[in-house]
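Next come the chains, spelled out residue by residue.
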Amino acid sequence: MERLGFWGLLMGSVEKSSDCRNSVALSESRDEESSSSSSKQVKGSRSRNTSPLSRVGSRNTSPLRQKVVKTKPRGLEEETVASFGKPIVVDVQMEDSIWAMLPEDLLNEILARLPPFMIFRIRSVCKKWNSILQDNGFLKFHSNVSSHGPCLLTFWKNSPQIPQCSVFSLPLKTWYKVPFTFLPPWAFWLVGSSGGLVCFSGLDGLTFKTLVCNPLMQSWRTLPSMHYNQQRQLIMVVDRSDKSFKVIATSDIYGDKSLPTEVYDSKTDKWSLHQIMPAVNLCSSKMAYCDSRLYLETLSPLGLMMYRLDTGHWEHIPAKFPRSLLDGYLVAGTQKRLFLVGRIGLYSTLQSMRIWELDHAKVAWVEISRMPPKYFRALLRLSAERFECFGQDNLICFTSWNQGKGLLYNVDKKIWSWISGCALQSCNSQVCFYEPRFDASVH
């Protein structure tokens, strides 16, 4: 912290204010001498003087002469000299003894308000900042700061199977590289994210395992094995009120028998067995969770299967899909809102992308928005009809690894907008919404 740009410029201007006054006085004396000599020449001749030095209010464009500009910034009584050349940058060495006296609580509050991904850069400043993730004072201040905003987390593996992770900040419109070398070298894939935690599942040799991590804290842990420890569809949900999380393993078929639903609770650190989902024909493995309910799309019987987390039972919702629906994505919104996103139309020239919301009272899908044709044509052209659709907190995102940009729809504001630079890093990238939080615990 030897240099601070803003404060260095401010202190440098104060220290050099006396020098500026001397230069201004010297410049003014030179102007008076030149004006007096020119007046003597005017008296000896009646011809018109076209010299720019004697003309009042004339503009001197000579780069050799400095123009004196008197300014008085608020809180400072000083004069600055502006030149037509390159701007003068004041480089001031800050006193370590002064900045070392900054109160620790004030320093923690300042650092807590930085973008959370900057933590990996500032940790290299000094030993104290390197251990900031274990500082309870910093974590306390950060927990009271408003959320950074929604982000997109992309996960992939390069050729030597090394996990890579990048986070795209929607508020800052910037990619941040997040180190993921702290995870074990398993063959795992992204399950999802909730409340600042990210869930993965994969194989450690021949054993199926599930792990939960906090990318900002660089912490992780493996969950206990399920009763029926097989590769299954998982979803994770975080409860911020009691700082706990749950992982739901939906019913699946193994061999000739159906597996029961299992739920992991971080408070008990155990998996519990629940009802087997009735025999249905699922049309997609994508799931959506909102208001303590898990939803899946079914073709037979047509509609939705809903799992109530509070009772541990499955129910069928006979909500028929819109006619001529080609592909549908379930997206969970805030509170009880559940959305269906999909294409309508048998021919590519007549297709359109639409969004419906489930009317729980009428048990029917109600159309709430249509993607403008220009966005829809660009989405299909850039992605070659290979795009991902996912959402969180009334935000719906469309993206593809070869697209170069993503498309975002805000359900509340009813605004469609492109996200520049939001391209997935690889053709095997997995993506989800992510909310960075330091106080999200894996225990």
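Here is what the cut-offs are and how they apply
Residues numbered from 1 in each chain as written. Predicted model: local features only at pLDDT ≥ 70, side-chain atom pairs only at ≥ 80, totals over all residues. Heavy atoms only, no water. Helix = DSSP H or I, 4+ residues; strand = E, 2+ residues; numbered from the N terminus. Buried < 20%, exposed > 50% of the residue type's maximum accessible area, 1.4 Å probe, protein only. Contact = heavy atoms within 4.5 Å. Areas by Shrake-Rupley, 256 points an atom, 1.4 Å probe, with all protein chains shown as cover. Pairing = 2+ DSSP bridges. Axes fitted to C-alpha atoms, helices over the stretch in contact; angles between N-to-C directions. Disulfide = S-S within 2.5 Å. Salt bridge = Lys/Arg side-chain N within 4 Å of Asp/Glu carboxyl O. pLDDT = per-residue confidence, 0-100. Arc of directions from axis to C-beta.

I keep staring at the overall build of the protein chain and nothing clicks. Help me out?
Scanning the protein chain from terminus to terminus reveals eight helices and 28 strands. Relative to its 443 residues, the protein chain shows a buried fraction of 42%. Taking the contacts inside the protein chain whose residues are at least 6 apart along the sequence as the reference set, 48% of them involve residues at least 24 apart. Total accessible area computed for the protein chain in this model is approximately 25,400 Å², and 52% of it derives from carbon and sulfur atoms.

Looking at this structure, I do not really get the sheet that holds strand S4 (residues 163-169). What am I missing?
Spatial ordering of the open sheet is given by S5-S4-S3-S28, a layout of four strands whose pairing is antiparallel. Edge positions in the sheet fall to strand S5 (174-177) and strand S28 (430-434), since each has one partner strand and no second. Taken pair by pair, the neighbouring strands of this sheet meet at an average axis angle of 25°, ignoring direction. As judged from the seven bridges shared by strand S3 (residues 151-157) and S4, these two strands associate in the antiparallel manner. Directly across from Phe155, in S4, lies its bridge partner Cys165.

Honestly, the state of the cysteines in this entry has me stumped. Any pointers?
A covalent bond between the sulfur atoms of two cysteines is what we call a disulfide. According to the stated counting rule, one finds zero disulfides in the structure shown. In this model Cys432 remains outside any disulfide bridge; the closest cysteine sulfur is found in Cys165, 8.5 Å from its own. According to the relative accessible area criterion, Cys432 is buried, its value standing at 10%.

Would you take a moment to explain the pattern of salt bridges for this structure?
Think of it this way: side chains of opposite charge can pair up when their charged atoms draw near. Scanning the entire structure with this criterion turns up 14 salt bridges. The shortest N-O distance in the salt bridge between Asp310 and Arg308 comes to 3.2 Å. Residue class for Asp310 comes out exposed when judged on its relative accessible area of 56%. Here the salt bridges share partners, and the residues they tie into one network are Arg240, Glu435, Arg437 and Asp439.

Is there a simple way to explain the environment of Phe245 in this structure?
Here Phe245 is to be found in strand S11 (residues 244-249). Sequence separation between Phe245 and Val442 is 197 residues; the distance between their C-alpha atoms is 8.4 Å. With residues near it in sequence (within four places) discarded, Phe245 still touches Leu197, Val212, Arg221, Leu223, Met236, Val237, Val238, Tyr264, Asp265, Ser266, Ser441 and Val442.

Help me understand the pairing of strand S14 (residues 262-265), please; the structure alone is not making it clear to me.
In the case of a regular strand, side chains alternate between the two sheet surfaces. With burial as the criterion, each face of S14 is covered, one bearing Glu262 and Tyr264 and the other bearing Val263 and Asp265. Bridge analysis of S14 against strand S15 (residues 270-273) gives four bridges, and the strand direction is antiparallel. Paired with Tyr264 across the bridge in S15 is Trp271. As consecutive antiparallel partners, S14 and S15 are separated by four residues, and within that stretch Asp269 has a phi angle of approximately 55°, a positive value.

Quick question: what am I supposed to make of the confidence of the model for the protein chain here?
Predicted coordinates in regions of low pLDDT should not be interpreted in detail. Of the residues in the protein chain, 72% have a pLDDT of 70 or more, and the chain-wide mean is 76. Residue range residues 31-86 is modelled with pLDDT below 50. Its contacts to residues more than four positions away, or to other chains, number 41 contacts.

Just to check I follow, could you spell out helix H7 (residues 136-144) for this structure?
Looking only at H7, the buried set comprises Phe138, Leu139 and His142. Relative to the axis of H7, the buried residues are bounded by an arc of 95° and lie together on one face. Exposed residues pointing more than 90 degrees away from the buried face of H7 are listed as Asn136, Lys140 and Asn144. Structurally, H7 contributes buried residues whose contacts are with helix H4 (104-112) and helix H5 (119-122).

Can you walk me through the pairing of strand S20 (residues 325-332) in this structure?
The buried count for S20 comes to six of eight residues, which makes it a mostly enclosed element. The pairing of S20 with strand S21 (residues 338-344) spans six bridges and is antiparallel. Within S21, the position partnered with Val331 by the bridge is Phe339. Taking the residues that link successive antiparallel strands as the turn, the S20-S21 hairpin has five residues, and the phi of Gln335 there is positive, at about 55°.

Explain unusual backbone geometry to me, please; I cannot follow it from the model alone.
It is generally the case that most residues other than glycine have a negative phi and that most peptide bonds are trans. Going from Ser300 to Pro301, the amide bond is cis rather than trans, its omega being -5°. Assignment of secondary structure puts Pro301 in the loop between strand S17 (293-300) and strand S18 (303-308). Of note, the phi angle at Asp269 is positive, near 55°, even though the residue is not glycine. Structurally, Asp269 is set in the loop between S14 and S15. Positioned with a positive phi, Ser324 is a non-glycine residue whose angle comes to about 65°. Position of Ser324 relative to the elements: it lies in the loop between strand S19 (313-317) and S20.

So what exactly am I meant to see when it comes to H4 here?
Counting along an α-helix, one turn takes 3.6 residues, and residues three or four places apart therefore face a common direction. Listed in full, the buried residues belonging to H4 are Leu107, Asn108, Leu111 and Ala112. Seen along its axis, H4 keeps its buried residues to an arc of 130°; they face one direction. For H4, the secondary structure elements touched by its buried residues are H5, helix H6 (127-130) and H7.

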